[in-house]
Amino acid sequence: MVGAFDLLVAAAAIGAILAYSRGADRLRRRGDAWPWVREAGFTAGAWAVAYAFIGPLPGGPFTAHMGRHLVIGMAAPLLLVLARPLTLAFRALRPGRPRRALLALARSRPAAWLAFPPAAALLDVGGLWLLYRTPVFAAVQHLPAAHTLVQLHVIAAGVLFTFAVCQVDPVRRRWSPVWRGGSLLAAGAAHAVLAKSLYTTPPPGTAVATADLHSAAQLMYYGGDLVELALAAVIALQWYRTAGRARARGHRRTALLPTPAPQE
């Protein structure tokens, strides 16, 4: 059954699509380029979030629940972050207080620590372990307000972790591929172990049918692997481009060096 919070999230997702499209249109009308593929990716990600909350999902109750978490916590954040909404906001907003406030927030020290890849990974995957391996999951099923907080955490933590790993928007400090790749590897391992544990043991205090439990765990395991591979590809592509630019600068510096005169 679709609740008021589900409708609110869906409405917010649609509102985000409209705001993003308006910002992209503002750039194009003044002659600045903004790739259509980014707008399409953001639209797909926001629509995925909206559908995950109000649309029917296949499988048993726990499988449908896991499908929702996979969409709002991993797949949709990847599409949203790669669309570079923060960059779009900086370019679309006119000089003034809103733009200065957003810039100050993005470059603040708390934002920098939240975007620290290991911290973002701990908030994301650690929250899932707390949810599924403690009585929290069973408790929130009967507490609408607590269930709402869990859903909000899944969305926020997923976006934050993806943002920290990809780092395609302006940030206070850019972490090296070693930090980001290592955090992704550790988070992926913890996510896989959690999925395997759910295959045999449901969350404490719950009674989940065996077939439903197995399909949910498999969805979490293989679906998570696909998104994590995509994140790894983003890091690898960024490293390749950075290394290529560094080599090109080295070649240019070498070409500018004076040629030594031949010795007589």
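Residues numbered from 1 in each chain as written. Predicted model: local features only at pLDDT ≥ 70, side-chain atom pairs only at ≥ 80, totals over all residues. Heavy atoms only, no water.

Colleague: Explain helix H9 (residues 144-166) residue by residue, including any values.
Modeller: The end-to-end C-alpha separation of H9 is 33 Å, in line with the 33 Å expected for 23 residues at 1.5 Å each. Residues of H9 that are buried include every one of Val150, Gln151, Val154, Ala157, Gly158, Leu160, Phe161, Thr162, Phe163, Ala164, Val165 and Cys166, and no others. Within two residues after H9, Gln167 carries a phi angle of roughly 50°, on the positive side. (Helix = DSSP H or I, 4+ residues; strand = E, 2+ residues; numbered from the N terminus. Expected span 1.5 Å × (residues − 1). Buried < 20%, exposed > 50% of the residue type's maximum accessible area, 1.4 Å probe, protein only.)

Colleague: Explain the nonpolar core residue by residue, including any values.
Modeller: One recurring pattern in soluble globular proteins: nonpolar side chains tend to sit buried together. Phe161, Phe163, Cys166 and Leu231 are the most contacted members of the largest nonpolar core, which totals 25 residues. Those elements giving two or more residues to this core turn out to be helix H3 (61-82), helix H4 (85-92), helix H7 (117-132), H9, helix H10 (177-200) and helix H11 (210-256). The element best represented in this core is H9, accounting for 6 residues. Setting aside anything within four residues of it in sequence, one finds Phe161 in contact with Ala120, Ala121, Asp124, Ser183, Leu184, Ala187 and Leu231. (Core = buried A, V, L, I, M, F, W, Y, C linked by side-chain atoms within 4.5 Å. Contact = heavy atoms within 4.5 Å.)

Colleague: Describe the environment of Gly158, and please don't skip the residues or the numbers.
Modeller: With respect to the element layout, Gly158 can be found in helix H9. Once the C-alpha coordinates of Gly158 and Ile72 are considered, the two residues, 86 residues apart in sequence, prove to be 7.4 Å apart. Beyond its immediate sequence surroundings of up to four residues, Gly158 is in contact with Gly73, Pro77, Asp124 and His153.

Colleague: So what's going on with the side chain of His69? Residues and values would help.
Modeller: Mapped onto the elements of the fold, His69 is located in helix H3. Excluding anything up to four places from it in sequence, His69 contacts Met74, Leu131, Tyr132, Val150, Gln151 and Val154.

Colleague: Account for the UniProt feature "transmembrane region" (unreviewed entry) in the protein, with residues named and values stated.
Modeller: The UniProt entry lists residues 70-90, 111-132, 144-166, 178-199 and 219-240 under the feature "transmembrane region" (unreviewed entry), expressed in the numbering used here. The distance from the first to the last C-alpha atom of residues 70-90 is 30 Å, and the span holds 90% helix and 0% strand. Helix makes up 91% of residues 111-132 and strand 0%, with an end-to-end C-alpha separation of 28 Å. (UniProt positions renumbered as here; feature names shortened; annotations may be inferred.)

Colleague: Before we move on, could you go through helix H1 (residues 4-29) and cite the residues and values that matter?
Modeller: The terminal C-alpha atoms of H1, which comprises 26 residues, lie 37 Å apart, in line with the 38 Å expected from a rise of 1.5 Å per residue. Within H1, the full set of buried residues consists of Phe5, Asp6, Val9, Ala10, Ala13, Ile17, Tyr20, Gly23, Ala24, Arg26 and Leu27. Two residues or fewer after H1 comes Gly31, characterised by a positive phi angle close to 95°.

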